[in-house]
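An overview of the molecular structure
Residue-level listing of the chains:
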Amino acid sequence: MEPSVVEPTRQILRMRGRSYVAFVFAPVVPIVGWLEEIDATLARSPNFFVGKPVVLDLSAVDLSQSAITHLVKSIEQRNIRVLGVEGVDASHLDASLPPLLTGGRPCTLQPAQPEKRETKPQMTSLLLDSPVRSGQSIIFTDGDVTVLGSVSSGAEIVAGGSIHVYGTLRGRAMAGVNGNSNARIYCQRIEAELIAIDGYYQTAEELDASLRSKPAQAWLDGKIMRITPLN
Amino acid sequence: MAKVLVVTSGKGGVGKTTSTAAIGAALAQAGQKVVVVDFDVGLRNLDLVLGAERRVVFDLINVVQGIAKLPQALIRDKRLENLWLLPASQTKDKDALTEEGVGRIIDELRGSCDWVLCDSPAGIERGAMLAMRYADEAIIVTNPEVSSVRDSDRIIGMLDSKTVRAEKGERVEKHVLIARYDAARAARGEMITIDDILEILATPLLGIIPESQDVLRASNVGSPVTLNSPSSAPARAYADATKRLLGETVPMMVPTERKGLMNLLRGRRAA
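Cut-offs and rules
- Residues numbered from 1 in each chain as written.
- Chains lettered and ligands numbered in written order.
- Predicted model: local features only at pLDDT ≥ 70, side-chain atom pairs only at ≥ 80, totals over all residues.
- Heavy atoms only, no water.
- Helix = DSSP H or I, 4+ residues; strand = E, 2+ residues; numbered from the N terminus.
- Buried < 20%, exposed > 50% of the residue type's maximum accessible area, 1.4 Å probe, protein only.
- Contact = heavy atoms within 4.5 Å.
- Areas by Shrake-Rupley, 256 points an atom, 1.4 Å probe, with all protein chains shown as cover.
- Salt bridge = Lys/Arg side-chain N within 4 Å of Asp/Glu carboxyl O.
- Pairing = 2+ DSSP bridges.
- Axes fitted to C-alpha atoms, helices over the stretch in contact; angles between N-to-C directions.
- Phe/Tyr/Trp six-rings, centres within 6.5 Å; stacked < 30°, edge-to-face > 60°.
- Parallel < 35°, antiparallel > 145°, perpendicular 65-115°, else oblique.
- Left-handed = near helix turned anticlockwise from the far one by under 90°.
- Core = buried A, V, L, I, M, F, W, Y, C linked by side-chain atoms within 4.5 Å.
- Buried area = accessible area lost by both parts, 1.4 Å probe.
- Polar contact = N/O pair within 3.5 Å; in protein donor to acceptor, adjacent residues only side chain to side chain.

A few words now on the overall build of chain A. In terms of regular secondary structure, chain A is built from 2 helices and 16 strands. The buried share of chain A, reckoned over its 231 residues, is 36%. Counting contacts in chain A only where the partners sit at least 6 residues apart, residues at least 24 apart contribute 32% of the total. Of the roughly 14400 Å² of accessible surface on chain A, a fraction of 52% belongs to carbon and sulfur atoms.

Right, here's the structure in full:
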C-alpha cells in the first residue's frame, strides 16, 4: 500500500512504505474441496472474513492464469476480498487480477476465533429500595429498574429494560431506551408526567382520566403506547 | 457532643426562620444549650426574629474569615440564658462562605453546646448546601401546597446525597414540619391533605403548625412565638414538636378551627 500525499501547492507525489498484516489463504488441491472448507467456515460464522484483508498464497498449487482468475472470482463471490496474490510467477497475473505481493513475513495472528454467535447482552437489573426524589435521575441502560417506593414529580428513570414501580409513579419513566420495544412500565399508581418506551412517548395530558391513580402498565403495540389497568 | 440540626425547605417563605427561633427557644426552655446559626448571608432574618438585631457586632462571615473568634460573634439571648445566636452577615454574600470555614465553626460549636440549629436560606445553591452539609438531623419545613411539597422533596433528595453523612454512607435523620396549616381551608378541601404530603415525602411528621397572626406579632416584637405567646396554637404546636425532637411520644394534633376543642388523633407517623 502506498498512500500518496498531494500537497496543493507543489503537486509532488509522496510515496511511503508501510507494512500491514493480512490473512493468507493457501489453496491446496483439490481446489473444490478447499473451497468447500471455506464454505463450511462461512456457514458457522458468516461475517468472519468481512473487512479482513486476504492474500492468496498460490505456491502450493500450479494454476494457469485463467484458473487463477476463476479462483479469485470464486472467492470474491463468497464476499471475501482478495488483496493480493503471492507465490506465483508474475507472468501468470494480468491487470485484472490482484497484484503480486512479495516479501511477506510470517507473523502471529490472534488465534482465529470462530466469531461468537451474537450473544444478547447480559440483562441485569437495578433495585432501588427507597423512593426516588424530585430532581434525581436514575439511568440504567443495562436492564430493568425496580423501585420499592414512589417516583416523585420531577424525578426520572431511564432504563434499557422495563421499569417496575411499587408505589406511585409521578415523574418521568423511559423504558427500553436501547431499542427494546418489548419493555414495559408497571406501577401501582399512575400519575406520571411522561412515559416513554423505545422513544415513543406520552405525556400526562394524554393519559386517560379513568386510568389516573390506578395500578397500570404501559406497553408498546407497534407504534402506539397502550396503557392498561393492572388487575 | 451536640446534635447539628438543619432547618431547611427548598421553597422560600414557608417558615424556616420562624421555626428555628421557636424550636430553639423551646429547646433552651427545656434546659438544652442551644446555638442557632443564621446561614442566610445577605438576607439575614434570624436576628430580627430573636430581637438581637441591635447587638450584632461580628457575624458568621467574620468568623469564617478569621476576623473574629466564635465567642466574640455569639450573641446570648436576653430572656433565655441557654440560647445563643450566631448571626449572618448582611453586607456580604454567600460566596464568602467556605466549606472548610463552616466545618471549623460547626466543629467548635459541637464541643460547647447540646444543639446547633442551622437556619438554611431558601433554594438549593451554596448557602443551602453549606447549611445542610454537616447536619446530623434535618427538619424540612413544608407548607401544605403543591410547589412547597415538590421543593421539599428535592431538598430531601439532597439531604441524602450532598451531606457529609450521606457521603459516608450514614443517614441524616429527617422530619417533616408542616407549617402555615390553615384549618379553615383544609375543612373546605382547598389544601393538599396531610396524608398526601406524607405520602409524597415519605418522611416522619414532626408537627403541624397552624397559620396564625401570633407568629407575625411575635416576629414584629423580636421574640420567638414560643416565648412571646406560649399559649397560642402555633406555640403549643412548636412545643409539641420540640418534645418529639427530644424523643418524647406526643400525640399529633391536627389544628382545627374551633379554639379550645382539640381532636386527639393517635400519633400519626408516616413510614
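This part takes up the pattern of salt bridges. All names here are of chain B. If you walk through the whole model with that rule in mind, you get 24 salt bridges over all chains. A salt bridge links D47 to R44, with the shortest nitrogen-to-oxygen separation between them at 3.1 Å. Residue classification places D47 among the buried positions, given a relative accessible area of 3%. Overall, the relative accessible area of 18% leaves R44 in the buried class. Between R104 and E100 there is a salt bridge, with the nearest N and O atoms lying 3.4 Å from each other.

Before going further, it helps to examine unusual backbone geometry. Backbone phi values are negative for most residues with the exception of glycine, while trans is the configuration of most peptide bonds. With an omega of -5°, the peptide bond running from V29 of chain A to P30 of chain A counts as cis. If you trace the backbone, P30 of chain A turns up in the loop between β3 (23–25) and α1 (31–44). Although it is not a glycine, R180 of chain B adopts a positive phi angle of roughly 60°. Position of R180 of chain B among the secondary structure elements: in strand β7 (residues 173–181).

It is worth spelling out the sheet that holds strand β5 (residues 82–86) of chain A at this point. All names here are of chain A. Spatially, 3 strands are ordered β3-β4-β5 in an open sheet, and the strand pairing comes out parallel. Strand pairing shows two members of the sheet lacking a second neighbour, β3 and β5, which therefore form its edges. The sheet shows a mean angle of 30° between the axes of neighbouring strands, direction not considered. The pairing of strand β4 (residues 54–57) with β5 spans 4 bridges and is classified as parallel. Of the residues in β5, the one forming a bridge with V55 is G84.

Right, let's get into the packing of aromatic side chains. Residues and elements named next belong to chain A. Overall, the coordinates contain 1 aromatic pair over all chains when judged by the stated rule. Judged by centre distance (6.0 Å) and plane angle (80°), the rings of F25 and W34 are edge-to-face. For F25, a relative accessible area of 11% translates into the label buried. Among the residues examined, W34 registers a relative accessible area of 12% and is labelled buried.

Residues and elements named next belong to chain A. Two elements in contact, α1 and helix α2 (residues 65–77), have axes separated by 11 Å at closest approach and are oriented at 15°. Viewed along their axes, α1 and α2 adopt a mutual orientation that is roughly parallel. The handedness of the crossing between α1 and α2 comes out as right-handed. Seen from α1, the contacting residues are I31, W34 and L35; seen from α2, they are L71, S74 and I75.

Residue and element names in this part refer to chain A. Alternating positions in strand β13 (residues 194–197) separate into two faces, L194 and A196 on one and I195 and I197 on the other, with burial throughout. Bridge count for strand β11 (residues 172–175) against β13 is 4 bridges, and the pairing is parallel. From the neighbouring strand, M174 faces β13, where its bridge partner is A196. One ladder, built from 4 bridges, connects β13 with strand β14 (residues 200–203); its direction is antiparallel. For A196, the partnering residue across the bridge sits in β14 and is Y201. The hairpin turn running from β13 into β14, its antiparallel successor, is 2 residues long, and D198 in that turn takes a positive phi close to 50°.

A separate point is the nonpolar core. L86, L97 and V116 of chain B are the most contacted members of the largest nonpolar core, which totals 51 residues. Not counting chain neighbours up to four residues away, the residues in contact with L86 of chain B comprise V36, V37, D38, D59, L60, V63, L70, A73, L74 and I105 of chain B.

Here we come to the interface of chain A and chain B. Listed by partner, the interface residues are 13 residues for chain A and 10 residues for chain B. Across the interface of chain A and chain B, roughly 850 Å² is buried in total on both sides, 37% from carbon and sulfur atoms. Counting the surface chain A buries against chain B, the share from its top three residues, R133, S134 and R170 of chain A, is 59%. Notably, a salt bridge pairs R150 of chain B with E193 of chain A, separated by 3.5 Å at the nearest N-O pair. Linking chain A to chain B there are 8 residue pairs in polar contact (both at pLDDT 80 or more).

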